[in-house]
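Commentary on secondary and tertiary structure
So the chains spell out like this:
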Amino acid sequence: MNLASLRVNGKRLQSSLEEMAKFGATPGGGVQRMALSEEDKKARDLFVMWLKELDLKITIDDMGNIFGSRPGKNRSLSPVMSGSHMDSQPKGGRFDGILGVMGTLEVLRTLHENNIETERPITIVDWTNEEGSRFAPAMVGSGVWTGALDRGWVYERTDIDSKRFEDELIRISYQGSVPAKKRPVHVYYEYHIEQGPILEKEGKTIGAPKGIVCLHWYDVYLHGEANQVGPTPMAGRHDALCAAAEMILKVNELPKRLGGNMVATVGEIQNYPNSRNIIPDRVHFTVDIRSWDDGLALKAWEIIRKDFDAIATRRGCPIKIEETWKVEHSPFDVNLVQRILVIGEQLGYSTLHMVSGAGHDASYINRICPTAMIFVPSISGRSHVEVENTKWEDCEAGANVLLQAILQSANEK
Ligand code: GLV
Ligand code: MN
Ligand code: MN
């Protein structure tokens, strides 16, 4: 069989994505399938069932990462690995993460029905808790697997209701017995929606990121003094929410102030006791700083820390900061990125060399083996929202590029 002419079944890929979108479907057309939730469990159960239909060897490790391995002709060769994540943001979209898992599944189904054997084994993977929005930080499944994060530390992370990560992993029956620990991998591919506006703006179908920006996450805790809002004069208040408000604007102004290529965001806030007639005495908020330039992101944090301290002192609200997570910018393997661009063009799609502003498990896996990603356009550049969307024909195009990339790598001796 001429492998170069092999194509995935776009309709079948669409139907897998539509089936998965039922788990945690939201009224606004998105999904809410937070890590280790009931919806995540249902998606995992169906995924495992689909893996069984392909006679893959299924392994679930003690981080809940799910692997399905297809043998190669030469079992002594390291596998080609491909996958992404199935958890979502709260009120997230139907494509983020799941496209890379279903895209890889579609590739394996295509190989299976055509009885195609490859030299190397192929492993499909669903990484646990990529989003980090229920349990911070993000990418913990791949982080522990690669040795970048400590499993014990991740197990103790809690959600907003103080539920422990490990307890929730056990509750959904996905704490496997195999330790999450890296093994030799020949190459890793991750297929994903772009989650930004560039491909659409440039009129391109396939994006090949040269890598992923750095991600720095911080948690800020402020303590003020609660009091009855009516009788308490404005002067002398220690209003933790007002201190937070000033700090949040400082974060928003930071990229412009530094003039570099950087984004900075406060996306989450909790205010206590959260009553309209009590002066807030406790606030927690998050800071997310990203750049291709790690040094610039660190410099930004130094500046903002000084601003935070000054605001906290002026308002009499003691501040506590947790430096929750740092991932360096991750430049992908140049040859593998080039391979994605070449395959894209060979298949007749327009391509673009770009940067990923979103975080992905590929960032960690890139530390242990050559890695590349395949992006397809996000309609109107919207993602992490219910209206997140990508044309079905683009989903198919990206999966065809993934198919050819996997075939090439899996036939390398
Ligand atoms: C992951 O979804 C991110 O925060 O970029
Ligand atoms: Mn994702
Ligand atoms: Mn995401």
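Attention here is on the structure that accompanies the text.

Thresholds, definitions, all that
- Every residue gets a number counted from 1 within its own chain, in the order that chain's sequence is written.
- Chains and ligands are labelled sequentially in the order written, the chains with letters from A and the ligands with numbers from 1.
- Under the rules for a predicted model, residues below a pLDDT of 70 receive no local features and side-chain atom pairs below 80 are neither given nor counted, while totals for whole chains, interfaces and linings still include all residues.
- Hydrogens are left out, water is left out, and the side-chain values use all remaining heavy atoms of the structure.
- Coordinating N, O and S atoms are those within 2.8 Å of the metal (3.2 Å for Na, K and Ca), and as water is not part of the atoms, a site may appear to have fewer donors than expected.
- Helix and strand definitions follow DSSP, with helices as H or I runs of at least four residues and strands as E runs of at least two, each counted in order from the N terminus.
- Accessible area is worked out with a 1.4 Å probe on protein chains only. A residue is then buried under 20% of its type maximum, exposed over 50%, and partly exposed in between.
- Note on terminology: near, applied to a residue and a molecule or strand, indicates that one of the residue's heavy atoms is within 4 Å of it.
- Side-chain atoms alone can form a polar contact between residues adjacent in sequence; in general such a contact is a pair of N or O atoms within 3.5 Å, and within protein one must be able to donate a hydrogen while the other accepts it.
- All accessibility values rest on the Shrake-Rupley procedure with a 1.4 Å probe; residue burial counts only the protein chains present in the view.
- When residues are grouped by polarity, Ala, Val, Leu, Ile, Met, Phe, Trp, Tyr, Cys and Pro land in nonpolar, Asp, Glu, Lys and Arg in charged, and all others, Gly among them, in polar.
- Note on terminology: a nonpolar core comprises buried Ala, Val, Leu, Ile, Met, Phe, Trp, Tyr and Cys residues joined through side-chain atoms within 4.5 Å.
- Boundaries between domains were set according to an automatic or database domain assignment.
- The rule is short: rings of Phe, Tyr and Trp, with Trp giving its six-membered ring, pair when the centres are within 6.5 Å, and they are stacked under 30 degrees, edge-to-face over 60, tilted in between.
- In this scheme, the term charge over a ring applies when either NZ of a lysine or CZ of an arginine sits within 6 Å of the ring centre and within 35 degrees of the ring normal.

Some words on the coordination of the manganese ion (ligand 2)
Bound to the manganese ion (ligand 2) on the protein side are H85 (NE2), D96 (OD) and H192 (NE2), at distances that span 2.0 to 2.2 Å. One chain supplies every donor for the manganese ion (ligand 2), spaced along it as H-x10-D-x95-H. Between the manganese ion (ligand 2) and the manganese ion (ligand 3) the interatomic distance comes to 3.6 Å, and D96 is a ligand of both metals. Linking H85 in strand β3 (residues 80-85) with H192 in strand β5 (residues 187-193), this pair joins segments that are 107 residues apart in sequence. With respect to class, H85 is no different from H192; both count as buried.

What about the site of ligand 1?
Around ligand 1, a shell composed of E130, E131, R290, A358, G359 and H384 is seen. Within the side chain of R290, a nitrogen or oxygen atom sits 2.7 Å from an oxygen atom of ligand 1. In the model, an oxygen atom of ligand 1 is placed 3.1 Å from a nitrogen or oxygen of the H384 side chain. Contact with the protein chains removes 92% of the 200 Å² of surface that ligand 1 exposes when unbound. Tallied by class, the residues present in the shell around ligand 1 amount to one nonpolar, two polar and three charged.

Quick look at the nonpolar core
Counting 93 residues, the largest nonpolar core has M20, M102 and Y189 as its most contacted members. Per-element tally for this core: the top contributor is helix α12 (residues 392-410), with 10 residues. Among the domains, domain 1 (3-213 + 329-410) and domain 2 (214-327) are the pair contributing at least three residues each to this core. Within the second largest apolar cluster, 27 residues are counted, among which are M247, L296, F308 and I321.

Concerning the coordination of the manganese ion (ligand 3)
Coordination of the manganese ion (ligand 3) by the protein comes from D96 (OD), E131 (OE), E131 (OE) and H384 (NE2), over a distance range of 2.1 to 2.4 Å. Between consecutive donor residues of the manganese ion (ligand 3), the sequence gaps follow D-x34-E-x252-H.

Some remarks on the packing of aromatic side chains
Inspection of the entire model under this criterion finds 11 aromatic pairs. Between F95 and W392, the aromatic rings sit 5.6 Å apart at their centres with planes inclined by 50°, giving tilted as the arrangement. With F95 in the loop between β3 and α3 (98-113) and W392 in helix α12, this pair connects stretches of sequence that are 297 residues apart. Here F95 falls in the buried class, since its relative accessible area comes to 0%. Taking 4.7 Å as the distance between ring centres and 70° as the angle between the ring planes, the aromatic pair formed by W217 and W325 counts as edge-to-face. With W217 in strand β7 (residues 214-223) and W325 in strand β11 (residues 319-327), this pair connects stretches of sequence that are 108 residues apart. The same class applies to W217 and to W325, which are both buried. Members of the aromatic cluster, each reached through a chain of ring pairs, are F67, W127, W145 and Y188. The positively charged end of K320 is found above the aromatic ring belonging to Y221, 4.6 Å away from the centroid.

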